[in-house]
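Topology and contacts: notes
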Amino acid sequence: MLEIRNPATGERVGSVERTPLEHIPDLVAGARKSQKAWGALRFSERAGILGRFHDLILDRSDEVLDAIQSETGKSRRDALAELVTVAGTARYYLAHGEGFLASQRKRGAIPLLTHSTLDHRPHGVVGLIVPWNYPFLLSIGDALPALLAGNAVMLKPSEITPLTAVLGKTLLEKSGLEPELLGIVQGGAEAATELLRHIDYMGFTGSTATGRKVAVAAAKRLIPFSLELGGKNPMIVLKDAPLQEAAEGLLAGAFSNAGQTCISIERVYVEAPVFDRFSALVADRTKALKVGWSRAFDMDVGSMIHAAHAAKVQDSIDAAVRAGATVLAGANRRSDLGTTFVEPTILTHVDQRAPIATEETFGPVVSLHRVGSRDEAIALANDSQYGLHASVWAGGSAPAMGIAHQLEAGSVAINSTLLIYNAFDLPMGGVKLSGIGRRHAEQGILRYTQARSIVRSFESGGGYDNMLGRIRSNKAAAAILKAVRLWRRIPGIR
Ligand code: NAD
């Protein structure tokens, strides 16, 4: 049994049974059986259900926000961000999914004489293993394109936040989805490991350490997978940047969701001439943030996911301070609020090699670094094992674009920090240890499909397969080679 308490208040909010491991093969088999008919439906029939779901989550927004807040302790605003993003994901794929999934005519093997078609077939049963930081967005949000592409989904939410996914499933069923098409497996590593033995594709979101294990398990079965992993996301502030806006952007980028966001900004490189002014602005604004938990939209920074994680983040702040970091804002223990709150914290004079500068903190802590040039900023930003996301603030778009093109990250936001998550037409994911594969955009739905290529010859009897078999002389071979050479020069059929 998984007993769930609101981490902010300690109040018991519900419980779920762990799925017995021996039930998982049958659950996947049931999903696979239902997928056959679901995958054969027209896109518009699947889309009807998702359209109703889009409207239903907005009609019942309070219930969804309450569920998210109850098991995470996050602020109402952070819960709202999840809901809005799930609705946006649904709208985007309802509008564009059919085009992405449509069969496409391709160039023939032999121009004019053969015909080629590309189909996108569902994998069958897609497994999703997801973390606790966005329990609605990363579970249901990722399930929507998988379902629209004609798959059944087996979802394993985090054992820390199992309830919101159950509400999402209920609302999908109320919208018309057959229950077997979205199965939920509850539990931790063991349940995840068992699930990996049965599904046809794995979409994993979580830490890099667990992602490696998932990749090994997927490799053993040779099933395709995507990994959305951790980050240590940098922000660069050039001397001509709009500093007020950059400071606001940093607050959103570093402290939303109490810093427990994969694309959170955790390190900032500021050009020397504006370092002091920018630091003062950021420190002032950070000190004004309201920390605490309520069901109203009145808190800026909510609870961390649990006391152990809050303690770990606080320890990393204390270790940085002991090693010589200067505190510009925050860093105080908030035991007055309980055991799960960490003050939004701005540090400077942090050693570039210290854990707080190199390892993912996953909390409301950011270090500011003074740099002598934009090249130094780029080099430091890229000097990381991670490459998920980055942010650049500059006075003009050309220099900012120039920097963006040099950053080793799956996404870059210019004069913004988190906006990328709502740019549904852009693929999102990481390079280096931040992952493999992308969510959102065309790639975010095609990852749930296999390409099936169909080539058709207009000549009956397979004549073209045996074309070279007809060659009986050097002269004939030379004629073929001449034709091949000419081919490159004929526009339109290369
Ligand atoms: P985690 O890796 O501990 O857990 C993620 C999921 O994996 C959970 O459901 C967990 O039960 C499951 N799991 C545990 N052991 C497993 C195993 N051996 N095999 C398969 N699955 C297993 O991550 P977390 O602490 O829940 O989440 C925080 C991490 O997630 C952070 O590193 C964060 O950066 C990352 N994250 C990444 C993205 C992204 O899109 N890149 C988004 C959100 C969070």
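These figures come from a predicted structure and were not determined experimentally.

Next up on the list: the nonpolar core. Among the nonpolar cores identified, the biggest contains 77 residues, and Phe-53, Phe-136, Ile-140, Val-153, Leu-155 and Ile-199 are the most heavily contacted of them. The element that contributes the greatest number of residues to this core is helix α4 (residues 76-101), accounting for nine residues. When sequence neighbours within four positions are dropped, the list of residues in contact with Val-153 reads Val-126, Leu-128, Ala-143, Ala-146, Leu-147, Leu-181, Leu-182 and Gly-183.

In this approach a probe as big as a water molecule rolls over the atoms, and the regions it shows empty are the leftover space. Volume-wise, the largest pocket comes out at about 1,000 Å³. If you trace the largest pocket, you find 40 residues lining it, with Phe-204, Thr-205, Gly-206, Ser-207 and Thr-210 closest to the centre. Broken down by secondary-structure element, the contributors of at least two residues to the lining of the largest pocket are α7 (189-195), β8 (201-205), α8 (208-221) and α11 (307-322). Residue contributions to the lining of the largest pocket peak at eight residues, all from α8. When its residues are assigned to classes, the lining of the largest pocket shows 17 nonpolar, 13 polar and 10 charged. Each pocket or cavity is described by its volume, and for the second largest pocket that value is around 530 Å³. Considering the residues around the second largest pocket, the lining is formed by 26 residues, among which Asp-78, Ala-81, Ala-252, Ser-256 and Leu-418 are closest to the centre. Listing elements by their share of the lining of the second largest pocket, those giving two or more residues are α4 and α9 (243-255). Among the residues forming the lining of the second largest pocket, the class breakdown is 16 nonpolar, six polar and four charged.

What follows covers the site of the ligand. The immediate surroundings of the ligand are formed by 28 residues, with Val-130, Glu-159, Ser-207, Leu-229 and Glu-360 found nearest. Within the backbone of Gly-206, a nitrogen or oxygen atom sits 3.3 Å from an oxygen atom of the ligand. A distance of 2.8 Å separates an oxygen atom of the ligand from a polar side-chain atom of Thr-210. For the ligand, the accessible surface in isolation is 860 Å², of which the surrounding protein chains cover 88%. Comparing atom positions with the cavity grids shows the ligand to sit within the largest pocket. Secondary structure elements with two or more residues in the shell around the ligand: α7, β8 and α8.

What counts and what doesn't
- Residues numbered from 1 in each chain as written.
- Predicted model: local features only at pLDDT ≥ 70, side-chain atom pairs only at ≥ 80, totals over all residues.
- Heavy atoms only, no water.
- Core = buried A, V, L, I, M, F, W, Y, C linked by side-chain atoms within 4.5 Å.
- Buried < 20%, exposed > 50% of the residue type's maximum accessible area, 1.4 Å probe, protein only.
- Helix = DSSP H or I, 4+ residues; strand = E, 2+ residues; numbered from the N terminus.
- Contact = heavy atoms within 4.5 Å.
- 1 Å grid on protein atoms, 1.4 Å probe; cavity = no way out; pocket = protein on both sides within 12 Å on 5 of 7 lines; lining within 4 Å.
- Points joined across faces, edges and corners; volume = space filled by probe spheres on them.
- Nonpolar A, V, L, I, M, F, W, Y, C, P; charged D, E, K, R; others polar.
- Near = heavy atom within 4 Å.
- Polar contact = N/O pair within 3.5 Å; in protein donor to acceptor, adjacent residues only side chain to side chain.
- Areas by Shrake-Rupley, 256 points an atom, 1.4 Å probe, with all protein chains shown as cover.
- Sits in = over half its atoms within 2 Å of the grid points.

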